[in-house]
Amino acid sequence: MTNSRQLQPGALSMSNKSSFDSYRRRFLGGVASTVAGMGVAPGVVLHSVGHAKPAGDAVTGDVRWGMLIDTNKCAAGCDDCVKACDDEHGLTGFDRPETDAQWIRKVTLKDKQTGHTQTLPLLCQHCEKPPCVDVCPTGASFRREDGIVLVDKHICIGCRYCMMACPYKARSFVHETLQDQKPFAPRGKGTVESCTFCVHRVDNDRTPACVEACTAENHNAMVFGDMNDPDSELSRQLKKYNSRQIRADLELNTGVRYRGI
Amino acid sequence: MRITVIKLWCTVLALGLLPGMPALLNADDSLLPVIPEAQHRVSEAQGCVEPVEKMRKDHMEYILHQRDETMYEGIRTRQHSLVECINCHVSDAPDAARYGSTEHFCSSCHKYASVQIDCFQCHADRPVKTSRHNSLAPGTMRLHGKSVVEKDDLLNDKLQATAAGGTVHE
Amino acid sequence: MKQDDFREIEGGRPFYLLLGFIGLFVLAGLGAAWYMEHHGHWVTGMSNQIIWGTPHVFAVFLIVAASGALNVASISSVFGKTPYKPLARLSGLLAITLLVGGLAILVLDLGRPDRLIVAMTYYNFKSIFAWNIFLYIGFMGVVAIYLWMMMERKMNRFTKSAGFVAFIWRLILTTGTGSIFGFLVARQAYDSALLAPMFIIMSFSFGLAIFILVLMASYKWSNRPLGDVILFRLKNLLGVFIGAVLYFVVVYHLTNLYITEQHGVERFILLEGGVYTRLFWVVQILLGSLLPLALLYNPSTGKSRGWIGIASLLVIVGGLAQMYVIIIGGQAYPLELFPGKEVTSSFFDGGINAYAPSLPEITLGVGGVALALAATLVGVRVLRFLPVSLADDQIDQSGEVA
Ligand code: SF4
Ligand code: SF4
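Residues numbered from 1 in each chain as written. Chains lettered and ligands numbered in written order. Predicted model: local features only at pLDDT ≥ 70, side-chain atom pairs only at ≥ 80, totals over all residues. Heavy atoms only, no water.

A. Region of interest: the overall build of chain B. From N to C terminus, chain B includes 7 helices and 1 strand. Helices (α) and strands (β) of chain B occur, in sequence order from the N terminus, as α-α-α-α-α-α-β-α. Counting all 170 residues of chain B, 39% fall into the buried class. Put simply, chain B shows about 9,500 Å² of open surface, and 57% of that area lies on carbon and sulfur atoms. (Helix = DSSP H or I, 4+ residues; strand = E, 2+ residues; numbered from the N terminus. Buried < 20%, exposed > 50% of the residue type's maximum accessible area, 1.4 Å probe, protein only. Areas by Shrake-Rupley, 256 points an atom, 1.4 Å probe, with all protein chains shown as cover.)

So this is what it looks like as structure tokens:
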């Protein structure tokens, strides 16, 4: 056992190196001239994760983005993840809680029998078999190759059937005219929206805003990563610890898993 | 459907009106649109991301193509991105014209040609600053659980832009 | 019954006055839709909790009733009951106009009604909703052809087959409408295979009630004779359908009571749901089912046209209440995400969701009903839908087994 654990880091860097190399080969071929002209000073260390996807490459099904939320670490009364999401996507709200959009929300649970309370963030679970996608009449709700469920607002007609179908109440309808939306979070009246897993960040090899905020506060209740990569932090934790899907009975194979519920 | 209509209109516009425009403008015809200047040039030789004639005729095709690639495939190149059009063609002054006013770059022409679009019901019609969370910081988070690559091996257009000292909007 | 026994109704002042009056409601509905779209849906009672509201109650009611309105025609051409034959045309017309009214509400309530063309050109074939778009459009086409077969002498021989197609189509259509809800497994109230068949039975009852009212009104206002024979047949049929709906409602709730998981939502609708419980017991069951049953089968009220009309009206009111309980009551009950836990959040998790219908929603819904009526009125004015006389001696009861 000990041996195999010690071996892990080595194995890890190996596998990443090779995948990175393949990216680099493809990439350098295309932009060799740019590389030559690039002004990054020698010796500058750019910390970056190894599987960076060049902006011009399409996402593939080799990856499945997912998240693990440890409710034991999720602090009661803390809503940093919610604030970060609102800030990131410009979900300002109109002081009308019934109609204001919420992509992620803090939910408090109290056991009816024992009185034990806990809190957790609830967001779009990025289901592998998303009911919202199944019911959408125009195909506006869709699941990206890498497992992120999005709404194509260009063809969403605002019928809200997806909201009826989502078991997690993860979706919001835009009830009013909006202006000055964030450039990477276009959203407008009459269409439906939900958590995007911060797809604009993920495509640039970064972590969703909620996870970043949770980590920045040192709560570390949220881990984001590639469920298909056995070496990712997420996969390792998922393998090691028992986790649950909410409403597992529906067999949606959610991308968001919870510990401690 | 709508795109075809738009394209039709713009083709009419481009083929029928534009060639004669300089002459008409010289004749001081105040009915013709006044198109606001862009903020930068792509290069010495070329103003826009494609030759201007092509852009006038086909900009909606470029944007549409880019839109689907970005949304469905996560391709985030910036050459044909609507956000970049806005960043370059619309001033970020607080009182800059909004879509619908003839002083807005897009409406200046669309109004004239009676083109209806709904881009700006969801997209900002003026450059919008991104939040602190989205400042350019690739790879500062390592929670993806991959090993960290050192050195300047990683190049993408974002890094190019920072290196060149430009601002980056995604 | 011969071809020229059918006549357009008279035009003239009363016709235009009535049309104008109904038209006002249509305009008000359009105004309400414009208001909702212009400001966004926050001006309505609908929210991220109650996603589908009053417009959907009216829309689904009309769509369900539309397929039921075709019943009379089916009975005559598919099941060969000759007494109903003179009524078949009106039945087909109502089927189309009610559907148009319902669809108009649905479309005008969309977040982006301007994208109707998108709804028609992009299809996700996994979506029952997308299938319904086909079913609805196809239904109108099929019924239109059916009407043509009936109204064009040369085509009469195809009436039976066309009627048969229309009959099958409308069964599928109502199943589809019911499945819109039945497929929502995530929501306790809709997670039942019984919803689709229940919708079919409901369609029989609602459609016939509307048919009877329209028939009585048009014969009264156009001064044409309407005999007791045909009317009493219709009202007896209505009684049977009301009973059938009642039966299904009972079975539906009994099966749910059998499943422990569903106890919460059943307790909500049947006992503790406030307005929904009252609507269910008082309006749907008492006023909308038991009272009309009594009225229709009571020997004295059952022979009075006034009471038959009132009974039909009650069925419609009860039907709207039933839709309200199903659609809005079903959403008011919270999603069951964490069994055994009390859930609270800033997004109204775990609580009963509040909803009050707003004026624009009601106006839009009524506007849709008005549109259906206006279209029917215009229909009977320009084409020969109504027999000149439905007096008892005109009704062909030959070849009838009791
Ligand atoms: S959680 Fe809801 S919105 Fe997200 S993928 Fe699943 S069904 Fe769709
Ligand atoms: S509201 Fe939009 S995304 Fe949702 S089901 Fe309707 S068309 Fe699809």
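B. Structural context of the overall build of chain A. Tallying secondary structure elements over chain A gives 7 helices and 10 strands in all. The burial tally for chain A puts 60% of its 261 residues in the buried class. Summarising the internal contacts of chain A: among those between residues at least 6 apart in sequence, 62% fall at separations of at least 24. Carbon and sulfur atoms form 52% of the exposed surface of chain A, whose accessible area is close to 10,400 Å². (Contact = heavy atoms within 4.5 Å.)

C. The arrangement of the site of ligand 2 in detail. Surrounding ligand 2, one finds 13 residues, the nearest of these being Cys-136, Cys-156, Cys-159, Arg-160 and Cys-162 of chain A. Across the shell around ligand 2, the residue classes tally to 9 nonpolar, 3 polar and 1 charged. (Near = heavy atom within 4 Å. Nonpolar A, V, L, I, M, F, W, Y, C, P; charged D, E, K, R; others polar.)

D. Local environment of the packing of helix 2 (residues 54-69) of chain C against helix 4 (residues 88-109) of chain C. All names here are of chain C. Two numbers describe how helix 2 lies on helix 4: the axes approach to 8 Å, and their chain directions differ by 160 degrees. Here helix 2 is positioned roughly antiparallel relative to helix 4, judged by the angle of their axes. Between helix 2 and helix 4 lies a crossing whose hand is left-handed. Of helix 4, the residues touching helix 2 (which contributes Pro-55, His-56, Phe-58, Ala-59, Leu-62, Ile-63, Ala-65, Ala-66 and Ala-69) are Ser-91, Leu-94, Ala-95, Leu-98, Leu-99, Gly-101, Gly-102, Leu-103, Ile-105, Leu-106 and Asp-109. Residue composition of the contact of helix 2 with helix 4, grouped by class: 15 nonpolar, 4 polar and 1 charged. (Axes fitted to C-alpha atoms, helices over the stretch in contact; angles between N-to-C directions. Parallel < 35°, antiparallel > 145°, perpendicular 65-115°, else oblique. Left-handed = near helix turned anticlockwise from the far one by under 90°.)

E. Representation of the side chain of Ser-194 of chain A. All names here are of chain A. When you line up the elements, Ser-194 lands in the loop between strand 8 (192-193) and helix 5 (199-202). Among the residues examined, Ser-194 registers a relative accessible area of 4% and is labelled buried. A distance of 3.4 Å separates polar atoms of two side chains, one belonging to Ser-194 and the other to Arg-171. Contacts of Ser-194, omitting those with residues within four sequence positions, involve Trp-103, Ala-170 and Arg-171. (Polar contact = N/O pair within 3.5 Å; in protein donor to acceptor, adjacent residues only side chain to side chain.)

F. Structural context of the environment of Phe-206 of chain C. Residue and element names in this part refer to chain C. With respect to the secondary-structure elements, Phe-206 resides in helix 8 (residues 195-221). C-alpha separation for the pair Phe-206 and Val-380, spaced 174 residues apart in sequence, amounts to 21 Å. Residue contacts for Phe-206: discarding those within four places in its chain leaves Phe-61, Val-64, Ala-65, Val-315, Gly-319, Gln-322 and Met-323.

G. Molecular detail of empty space enclosed by the protein. All names here are of chain C. Scanning all chains against the criterion turns up 12 cavities of 30 Å³ or more. Estimated volume of the second largest cavity: approximately 160 Å³. Lining the second largest cavity we find 17 residues, and of these Tyr-252, His-253, Ile-269, Val-325 and Ile-326 sit closest to its centre. Its residues placed into classes, the lining of the second largest cavity shows 11 nonpolar, 5 polar and 1 charged. (1 Å grid on protein atoms, 1.4 Å probe; cavity = no way out; pocket = protein on both sides within 12 Å on 5 of 7 lines; lining within 4 Å. Points joined across faces, edges and corners; volume = space filled by probe spheres on them.)

H. Just the layout of surface pockets, in detail. All names here are of chain C. In this structure, the second largest pocket occupies an estimated 980 Å³ of space. Ile-22, Val-214, Ala-217, Trp-221 and Leu-373 are the residues nearest the centre of the second largest pocket, which is lined by 33 residues in total. Those elements that provide at least two residues to the lining of the second largest pocket are helix 1 (12-39), helix 2, helix 4, helix 8, helix 12 (305-332) and helix 13 (359-382). For the lining of the second largest pocket, the residue count by class is 27 nonpolar, 5 polar and 1 charged.

I. The arrangement of the pairing of strand 10 (residues 256-259) of chain A in detail. Residue and element names in this part refer to chain A. Of the two faces of strand 10, the one holding Val-256 and Tyr-258 and the one holding Arg-257 and Arg-259 are both buried throughout. The pairing of strand 2 (residues 65-70) with strand 10 spans 4 bridges and is parallel. In the sheet register, Asp-70 faces strand 10, and the bridge partner there is Arg-259. (Pairing = 2+ DSSP bridges.)

J. Focus on the sheet that holds strand 9 (residues 222-226) of chain A. Residues and elements named next belong to chain A. With respect to topology, 3 strands assemble into an open sheet ordered 9-2-10, the strand pairing being mixed. Either end of the sheet is taken by a strand with one partner, and the two such strands are strand 9 and strand 10. Each strand axis lies, on average, 20 degrees off the axis of its neighbour in the sheet, ignoring direction. The pairing of strand 2 with strand 9 spans 5 bridges and is antiparallel. Bridging across to strand 9, Met-67 finds its partner in Phe-224. Sitting on the sheet, helix 6 (residues 209-216) touches strand 2 and strand 9, and the angle it makes with strand 9 is about 135 degrees. Sitting on the sheet, helix 7 (residues 233-240) is in contact with strand 2, strand 9 and strand 10, with an inclination near 115 degrees to strand 9.

K. Just the pairing of strand 2 of chain A, in detail. Counting buried positions along strand 2 of chain A gives 6 out of 6 residues, so the element sits mostly inside the fold. With burial as the criterion, each face of strand 2 of chain A is covered, one bearing Trp-65, Met-67 and Ile-69 of chain A and the other bearing Gly-66, Leu-68 and Asp-70 of chain A.

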